[in-house]
Amino acid sequence: SLLEYKFFLDRACDLLEKLDLPPWQEYKEAASIAFHDVRVATASSCKFGHLTFRPVFILLGIILQCLAVILQIILENSIYHGWRAAKEFYFQLQLATIWFIRYQKSL
């Protein structure tokens, strides 16, 4: 089995020599050019996205600001009416308790 591995290793080395791979410097230059192209394309896409969606973001900002004002008014009124309802509940509970105690005494 060790002989088989050596045979496959020798065969792989022969195939690599026949491929005639370019020197490392060419890979380095190609990678540098590819990185630069990706960086330029990303910057261009960001500018395009900013120009395309800027009006949408402005419109969303206006709509969300109006929605926040409406929700603030609703919240303030809800708190006010909730407080009034709690006070009314307290008075009704007090009245019912007094009535019930008087009714029980009259029996």
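Numbers given for residues are sequential positions, taken from 1 along each chain in its written order. Given that this is a predicted model, residues contribute local features only at a pLDDT of at least 70 and side-chain atom pairs are listed and counted only at 80 or more, while totals for whole chains, interfaces and linings are drawn from all residues. With hydrogens and water excluded, all non-hydrogen atoms of the structure serve as input to the side-chain values.

Engineer: Describe the overall build of the protein, naming the residues involved and giving the relevant values.
Structural biologist: For the purposes of this entry, the term helix denotes a DSSP run of H or I that reaches at least four residues, the term strand denotes a run of E that reaches at least two, and both are numbered from the N terminus. Counting secondary structure elements, the protein contains two helices and zero strands. Restricting the calculation to C-alpha atoms gives the radius of gyration, and the globule rule supplies 2.2 Å times the number of residues raised to the power 0.38. For 107 residues, the compact-globule estimate of 2.2 N^0.38 gives 13 Å, and the C-alpha radius of gyration of the protein, at 40 Å, exceeds that figure by more than 25%. With respect to the principal axes defined by its C-alpha atoms, the protein has extents near 115 × 55 × 15 Å. Buried means the residue's accessible area, taken with a 1.4 Å probe over protein chains only, is under 20% of the maximum for its type, while exposed means over 50%, and partly exposed covers the values in between. Counting across all 107 residues of the protein, residues that qualify as buried make up 1%. Surface exposure of the protein reaches about 10,600 Å², of which carbon and sulfur atoms provide 70%. Taking the average location of the 11 positive side-chain charges in the protein and that of its 10 negative ones, the two points are 27 Å from each other. Note on areas: Shrake-Rupley with a 1.4 Å probe; residue coverage comes only from the protein chains shown. We score Asp and Glu as negative and Lys and Arg as positive, and we do not count His or the chain ends. The atom standing in for a charge is NZ when the residue is Lys, CZ when it is Arg, CG when it is Asp and CD when it is Glu.

Engineer: Can you break down a nonpolar patch on the surface residue by residue, with the values?
Structural biologist: A cluster of nonpolar residues, Phe53, Val56, Phe57, Leu60, Leu64, Leu67, Ile70, Leu71 and Ile74, forms a patch on the protein surface that exposes about 860 Å² of accessible area. Here leucine 60 is to be found in helix 2 (residues 24-106). Among the residues examined, leucine 60 registers a relative accessible area of 42% and is labelled partly exposed. To count toward a patch, a residue needs a relative accessible area over 30% and no salt bridge; like charges are then connected within 9 Å, while nonpolar side chains (Val, Leu, Ile, Met, Phe, Trp, Tyr) are connected within 5 Å. Whenever a carboxyl oxygen of Asp or Glu lies within 4 Å of a side-chain nitrogen of Lys or Arg, that contact is scored as a salt bridge.

Engineer: Could you give an account of the packing of aromatic side chains, with specific residues and numbers?
Structural biologist: Whether two aromatic rings pair depends on their centres lying within 6.5 Å, for rings of Phe, Tyr and Trp, where Trp uses its six-membered ring; planes under 30 degrees apart make the pair stacked, over 60 edge-to-face, and the rest tilted. Following the criterion strictly, the structure yields five aromatic pairs and no others. Plain terms: the ring middles of phenylalanine 53 and phenylalanine 57 are 6.4 Å apart, the flat faces sit at 40° to each other, and that makes the pair tilted. Taken together, the residues phenylalanine 53 and phenylalanine 57, both in helix 2 and four residues apart, mark about one turn of the helix. By relative accessible area, phenylalanine 53 is classed as partly exposed at 44%.

Engineer: So what's going on with the pattern of salt bridges? Which residues, and what values?
Structural biologist: Applying the stated criterion to the full structure yields one salt bridge. In this structure, aspartate 10 and lysine 6 form a salt bridge, with 3.7 Å as the shortest nitrogen-oxygen distance. Residue aspartate 10 and its partner lysine 6 are both found in helix 1 (residues 2-19); the two are separated by four residues, about one turn of the helix. On the accessibility criterion, aspartate 10 (37% relative accessible area) is partly exposed.

Engineer: So what's going on with helix 2? Residues and values would help.
Structural biologist: Spanning 83 residues, helix 2 covers only 107 Å between terminal C-alpha atoms, well under the ideal 123 Å at 1.5 Å per step. The largest bend in helix 2 comes to about 45°, at phenylalanine 53, with the proline proline 55 one to four residues further on. Helix span is expected to be 1.5 Å times the residue number reduced by one. Bend is computed residue by residue as the angle between axes fitted to the seven residues ending at the residue and the seven residues starting at it.

Engineer: Can you explain helix 1? Please cite residues and give values.
Structural biologist: Residues spaced three or four apart along an α-helix point in a common direction, a consequence of the helix completing one turn every 3.6 residues. Counted at 1.5 Å a residue, the expected span for helix 1 with its 18 residues is 26 Å, and the 26 Å between its end C-alpha atoms agrees. Little of helix 1 is tucked away: zero of the 18 residues are buried. A positive phi of about 55° marks aspartate 20, the residue just after helix 1.

Engineer: Now, about the environment of isoleucine 33: what can you tell me, with residues and values included?
Structural biologist: Inspection of the secondary structure assignment puts isoleucine 33 in helix 2. On the basis of relative accessible area, isoleucine 33 is assigned to the exposed category, the value being 53%. Spatially, the C-alpha atom of isoleucine 33 lies 27 Å from that of leucine 51, the residues being 18 residues apart in sequence.

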